[in-house]
Amino acid sequence: DAGITQSPRYKITETGRQVTLMCHQTWSHSYMFWYRQDLGHGLRLIYYSAAADITDKGEVPDGYVVSRSKTENFPLTLESATRSQTSVYFCASSRGLSSGTDTQYFGPGTRLTVL
Amino acid sequence: AQSVTQLGSHVSVSEGALVLLRCNYSSSVPPYLFWYVQYPNQGLQLLLKYTTGATLVKGINGFEAEFKKSETSFHLTKPSAHMSDAAEYFCAASWTSGSRLTFGEGTQLTVNP
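Residues numbered from 1 in each chain as written. Chains lettered and ligands numbered in written order. Predicted model: local features only at pLDDT ≥ 70, side-chain atom pairs only at ≥ 80, totals over all residues. Heavy atoms only, no water.

**Digging into the overall build of chain B**
Okay, step 1: In terms of regular secondary structure, chain B is built from 0 helices and 11 strands.
Okay, step 2: Its helices and strands taken in sequence order, chain B reads β-β-β-β-β-β-β-β-β-β-β from the N to the C terminus.
Okay, step 3: Against the compact-globule benchmark of 13 Å for 113 residues, chain B has a radius of gyration of 13 Å, which places it among compact chains.
Okay, step 4: Each principal axis of the C-alpha distribution contributes one length, and for chain B these read about 40 × 30 × 20 Å.
Okay, step 5: Every one of the 113 residues in chain B was classed for burial, and the buried ones make up 44%.
Okay, step 6: Here the contacts in chain B between residues at least 6 apart in sequence split such that 56% fall between residues at least 24 apart.
Okay, step 7: Entry remark: accessible area of chain B is about 5,300 Å², with carbon and sulfur atoms responsible for 51%. (Helix = DSSP H or I, 4+ residues; strand = E, 2+ residues; numbered from the N terminus. Rg over C-alpha atoms; globule rule 2.2 N^0.38 Å. Buried < 20%, exposed > 50% of the residue type's maximum accessible area, 1.4 Å probe, protein only. Contact = heavy atoms within 4.5 Å. Areas by Shrake-Rupley, 256 points an atom, 1.4 Å probe, with all protein chains shown as cover.)

Next comes the structure, spelled out in structure tokens:
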């Protein structure tokens, strides 16, 4: 049972480069999420997706792009990386219960450093 | 705006002592409430959640939390801390359908021998 995986686990890049972080889940969960974790801010939602081909902005979407062509994959792209995007990125998934009581399951995270 | 506040970014306790981590939400509409734990270099995992029914919720590893609507709180407790409890703890709330969560800033728990 692979669950939810993220790749790469660590990435160093330079300002201005494009970077894609991958997220894959094996549960066929409807919802998928991308968060960034920064000291003093907890987790902030970047983008989320309710199903394949349905995505929506979260709290801090600027500078990021997402797509979801398949239910199991939800890549996050930084089109032109900036130093302020240095962070730990977490992907999560959930079944998407309409009641809002659903549990989110988190991947192990990707530590991104932008030089 | 709806928000979640965790009082104390760092909490330190002795092994065997009571653990109390505080969480308050701001909204006139009570949300569904969650506590997640993050061990070093890992993702978050669910400790417990309150949806409806009994306001005292028991979770994994001996943790429990009580929803108090009058105080807009959902504090996390454990009667006796263990060294393995050292981690970061996040309180989160859901006000909408579709699983969106609003997280608090997190509390780093240190357990001293």
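**What to know about the environment of Gly16 of chain B**
Residues and elements named next belong to chain B.
Okay, step 1: Among the structural elements, Gly16 can be located in the loop between β2 (10–14) and β3 (19–26).
Okay, step 2: A residue is classified by how much of its surface remains accessible, and Gly16, at 42% relative accessible area, is partly exposed.
Okay, step 3: For Gly16 and Ala1, which are 15 residues apart along the polypeptide, the C-alpha to C-alpha distance reads 38 Å.
Okay, step 4: If we ignore the near neighbours within four places in the chain, the residues touching Gly16 are Pro79, Ser80 and Ala81.

**A short note on unusual backbone geometry**
Okay, step 1: Residues Ser7 of chain A and Pro8 of chain A are joined by a peptide bond in cis, for which omega reads -10 degrees.
Okay, step 2: With respect to the helices and strands, the residue Pro8 of chain A is situated in the loop between β1 (4–7) and β2 (10–13).
Okay, step 3: Notably, Asn61 of chain B is not glycine yet its phi reads approximately 60 degrees, a positive angle.
Okay, step 4: On the secondary structure map, Asn61 of chain B appears in the loop between β6 (56–58) and β7 (64–68).
Okay, step 5: Judged by relative accessible area, which is 43%, Asn61 of chain B ranks as partly exposed.

**What to know about the interface of chain B and chain A**
Okay, step 1: Counting residues at the interface gives 23 residues for chain B, matched by 29 residues for chain A.
Okay, step 2: Of the roughly 1,800 Å² buried at the junction of chain B and chain A (both faces included), carbon and sulfur atoms supply 52%.
Okay, step 3: In this assembly, chain B and chain A are joined by 0 salt bridges.
Okay, step 4: At the junction of chain B and chain A, the tally comes to 3 residue pairs in polar contact (both at pLDDT 80 or more). (Buried area = accessible area lost by both parts, 1.4 Å probe. Salt bridge = Lys/Arg side-chain N within 4 Å of Asp/Glu carboxyl O. Polar contact = N/O pair within 3.5 Å; in protein donor to acceptor, adjacent residues only side chain to side chain.)

**Notes on the sheet that holds strand β1 (residues 3–7) of chain B**
All names here are of chain B.
Okay, step 1: Ordered in space as β1-β3-β8-β7-β6, the 5 strands form an open sheet in which the pairing is antiparallel. In this open sheet, the two strands that pair with only one neighbour each are β1 and β6. Sheet twist, expressed as the mean angle between neighbouring strand axes with direction ignored, is 20 degrees.
Okay, step 2: Two strands pair when backbone bridges link them, and β1 and β3 are joined in this way by 5 bridges, in the antiparallel orientation. The residue bridging Val4 from the neighbouring strand is Tyr25, located in β3. (Pairing = 2+ DSSP bridges. Axes fitted to C-alpha atoms, helices over the stretch in contact; angles between N-to-C directions.)

**Structural notes on the state of the cysteines**
Okay, step 1: Tallying each qualifying case throughout the model produces 2 disulfides over all chains.
Okay, step 2: Paired through a disulfide, Cys23 of chain A and Cys91 of chain A show a sulfur-sulfur distance of 1.8 Å. Negative torsions about the S-S bond denote left-handed disulfides, and the value of about -75 degrees found for Cys23 of chain A with Cys91 of chain A makes this one left-handed. Here Cys91 of chain A lies in strand β9 (residues 87–94) and Cys23 of chain A lies in strand β3 (residues 19–25), a separation of 68 residues in the sequence. With respect to burial, Cys23 of chain A and Cys91 of chain A carry one shared label: buried.
Okay, step 3: A disulfide bridge connects Cys23 of chain B with Cys91 of chain B, and the sulfur atoms are separated by 1.9 Å. Given an S-S torsion of about -65 degrees, the disulfide between Cys23 of chain B and Cys91 of chain B has left-handed geometry. Pair noted here: Cys23 of chain B is in strand β3 and Cys91 of chain B is in strand β9 (residues 87–94), with a separation of 68 residues, a long-range link.
Okay, step 4: A relative accessible area of 0% means that Cys91 of chain B is categorised as buried. (Disulfide = S-S within 2.5 Å.)

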